[in-house]
Amino acid sequence: MPRVMKGAVPSPNIWNTPQVYELENRAVDPDGRADAAMSAVRPRTGATVVDIGCGTGYHLPSMSATAARVIGVEPHDDLVQLARRRCRALPNVEVRVGTAQSLPVPDACVDVAVARWAYFFGPGCEPGLAELSRVMRRGGAAFVIDLDATRGAFGRWFSRSVPAYSARSVEAFWERQGWRSEPLDLRMVFERRADLEAVLRIEFTPAVAEQAIAETTGLEIAYPNVLRWKRF
Ligand SMILES: C[S@@+](CC[C@H](N)C(=O)[O-])C[C@H]1O[C@@H](n2cnc3c(N)ncnc32)[C@H](O)[C@@H]1O
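About the thresholds
Residues numbered from 1 in each chain as written. Predicted model: local features only at pLDDT ≥ 70, side-chain atom pairs only at ≥ 80, totals over all residues. Heavy atoms only, no water. Helix = DSSP H or I, 4+ residues; strand = E, 2+ residues; numbered from the N terminus. Rg over C-alpha atoms; globule rule 2.2 N^0.38 Å. Areas by Shrake-Rupley, 256 points an atom, 1.4 Å probe, with all protein chains shown as cover. Lys, Arg positive; Asp, Glu negative; His and termini not counted. Charge placed at Lys NZ, Arg CZ, Asp CG, Glu CD. Polar contact = N/O pair within 3.5 Å; in protein donor to acceptor, adjacent residues only side chain to side chain. Phe/Tyr/Trp six-rings, centres within 6.5 Å; stacked < 30°, edge-to-face > 60°. Buried < 20%, exposed > 50% of the residue type's maximum accessible area, 1.4 Å probe, protein only. Near = heavy atom within 4 Å. Salt bridge = Lys/Arg side-chain N within 4 Å of Asp/Glu carboxyl O. Axes fitted to C-alpha atoms, helices over the stretch in contact; angles between N-to-C directions. Left-handed = near helix turned anticlockwise from the far one by under 90°. Contact = heavy atoms within 4.5 Å. Nonpolar A, V, L, I, M, F, W, Y, C, P; charged D, E, K, R; others polar. UniProt positions renumbered as here; feature names shortened; annotations may be inferred. Pairing = 2+ DSSP bridges.

**Regarding the overall build of the chain**
Part 1 of the argument: Of the regular secondary structure elements, the chain holds 10 helices and seven strands.
Part 2 of the argument: At 17 Å, the chain has a C-alpha radius of gyration in line with the 17 Å of a compact globule built from 232 residues.
Part 3 of the argument: The C-alpha extent of the chain, read off along each of the three principal axes, is 50 × 40 × 35 Å.
Part 4 of the argument: Summed over all atoms, the accessible surface of the chain reaches about 10,900 Å², with 53% contributed by carbon and sulfur.
Part 5 of the argument: Considering the chain, the positive charge centre built from 29 side chains and the negative charge centre built from 27 side chains are found 4 Å apart.

Shown next, in the form of structure tokens:
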């Protein structure tokens, strides 16, 4: 039985099938748009960066290339081990067990915080936002990258899979918190059709996944996201 910290939001895609989630991460954003959009707001060069909910640490090595220091935070013990193994040769990366609501970092030491595909940042995440206020240094910026459920076939498949999700409530929540947002038009590009289908099957309910597979020709899927951020 894997050990998961209290307060973690279940993330069946990466918790149950990290190897398929790895295929998804490899396919997403071949154009580097997410990193370019974040760097335009707050460059990472020389920064202390925290990746909140870092999963298997897929994004930690690329962050460590320009940052002074990178800290991955993840509540799922097995994923922490995978992230540590991935980054063991990188002296400026460490992975800590923790949650967004109780970040294992001291006050005012973070220049850039990133939470990517992080269900735990949305309505009700005020404790996590309070933690960001505690750990962010003046001049820093925190980012949340999320699927935009209001756009495209991907948004439609997501809304059918998670009917209780209200994109309007999520948007209203972030507006109330004073965060800014902009559309982030990403794409997933796969090398093999089997990988594309496996990823759709971990993202959606079985019926919706089969529908998504039938509606998708080739190896590419448009993946409309939204980038949210706040400066500190
Ligand atoms: C969909 S995965 C994304 C992983 C990673 N950001 C990536 O892009 O590969 C969401 C991750 O958030 C973690 N998570 C869930 N609840 C959390 C919380 N309360 N605080 C921090 N991380 C959390 C999960 O364990 C999972 O690894």
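This is not the end of the story, as more comes after the structure.
**As for the side chain of R42**
Part 1 of the argument: Along the chain, R42 turns up in the loop between α3 (33-41) and β1 (48-52).
Part 2 of the argument: There is a polar contact of 3.0 Å between the side chain of R42 and the backbone oxygen of G139.

**With respect to the packing of aromatic side chains**
The way to describe two aromatic rings as a pair is by their centre distance and the angle between their planes.
Part 1 of the argument: Summed over all chains, the structure comprises nine aromatic pairs.
Part 2 of the argument: Summarising the aromatic geometry, the rings of W157 and F204 are spaced 5.9 Å apart at their centres and angled 70° between planes, so their arrangement reads as edge-to-face. Within this pair, whereas W157 is found in helix α7 (residues 152-161), its partner F204 is found in the loop between α9 (193-203) and α10 (206-215), the two being separated by 47 residues in sequence.
Part 3 of the argument: According to the relative accessible area criterion, W157 is buried, its value standing at 3%.

**Section: the site of the ligand**
Part 1 of the argument: Lining the immediate surroundings of the ligand are 23 residues, of which V9, W15, N25, G53 and E74 lie closest.
Part 2 of the argument: A distance of 2.8 Å separates an oxygen atom of the ligand from a polar atom in the side chain of W15.
Part 3 of the argument: The backbone of G53 places a nitrogen or oxygen atom 2.8 Å from a nitrogen atom of the ligand.
Part 4 of the argument: Isolated, the ligand exposes 600 Å² of accessible area, and the fraction of that covered by the protein chains is 100%.
Part 5 of the argument: For the shell around the ligand, the elements supplying multiple residues, two or more each, are α1 (12-16) and α2 (18-27).
Part 6 of the argument: With three residues, the top contributor of residues to the shell around the ligand is α1.

**As for the pattern of salt bridges**
Part 1 of the argument: Within this structure, the stated rule accounts for 20 salt bridges.
Part 2 of the argument: Close ionic contact of E215 with R156 constitutes a salt bridge, the shortest N to O distance being 3.2 Å. Here E215, found in helix α10, pairs with R156, found in helix α7; they are 59 residues apart in sequence, far enough to count as distant.
Part 3 of the argument: For R156, a relative accessible area of 35% puts it in the partly exposed group.
Part 4 of the argument: In this structure, the salt-bridge partner of R192 is D195, at a minimum N-O distance of 2.7 Å.
Part 5 of the argument: Through salt bridges that share partners, R193, E197, R201 and E210 make up one connected network.

**So, the packing of α9 against α10**
Part 1 of the argument: For the pair α9 and α10, the least separation of the axes is 8 Å and the interaxial angle reads 145°. As α9 runs across α10, the sense of the crossing is right-handed. Every residue of α10 that contacts α9 at R193, E197, L200 and R201 is listed here: A209, E210, A212 and I213.
Part 2 of the argument: Broken down by class, the residue content of the contact of α9 with α10 amounts to four nonpolar, no polar and four charged.

**Digging into the environment of G124**
Part 1 of the argument: Among the structural elements, G124 can be located in the loop between β4 (110-116) and α6 (126-135).
Part 2 of the argument: With a relative accessible area of 55%, G124 lands in the exposed category.

**Thoughts on the UniProt feature "domain: Methyltransferase type" (unreviewed entry) in the chain**
Part 1 of the argument: Per the UniProt record, "domain: Methyltransferase type" (unreviewed entry) is annotated on residues 50-143.
Part 2 of the argument: For residues 50-143, the end-to-end C-alpha separation is 10 Å, with 27% helix and 31% strand making up the annotated structure.

**Thoughts on the sheet that holds strand β6 (residues 180-189)**
Strands in a sheet are paired, the pairing made by backbone hydrogen bonds, and the direction either parallel or antiparallel.
Part 1 of the argument: The seven strands are arranged β3-β2-β1-β4-β5-β7-β6 in an open sheet whose pairing can be described as mixed. This sheet does not close on itself; its edge strands, each paired only once, are β3 (93-97) and β6. Within this sheet the neighbouring strands show an average axis-to-axis angle of 20°, counted without direction.
Part 2 of the argument: Strand direction decides the pairing type here: strand β5 (residues 136-147) and strand β7 (residues 220-231), joined by seven bridges, are antiparallel.

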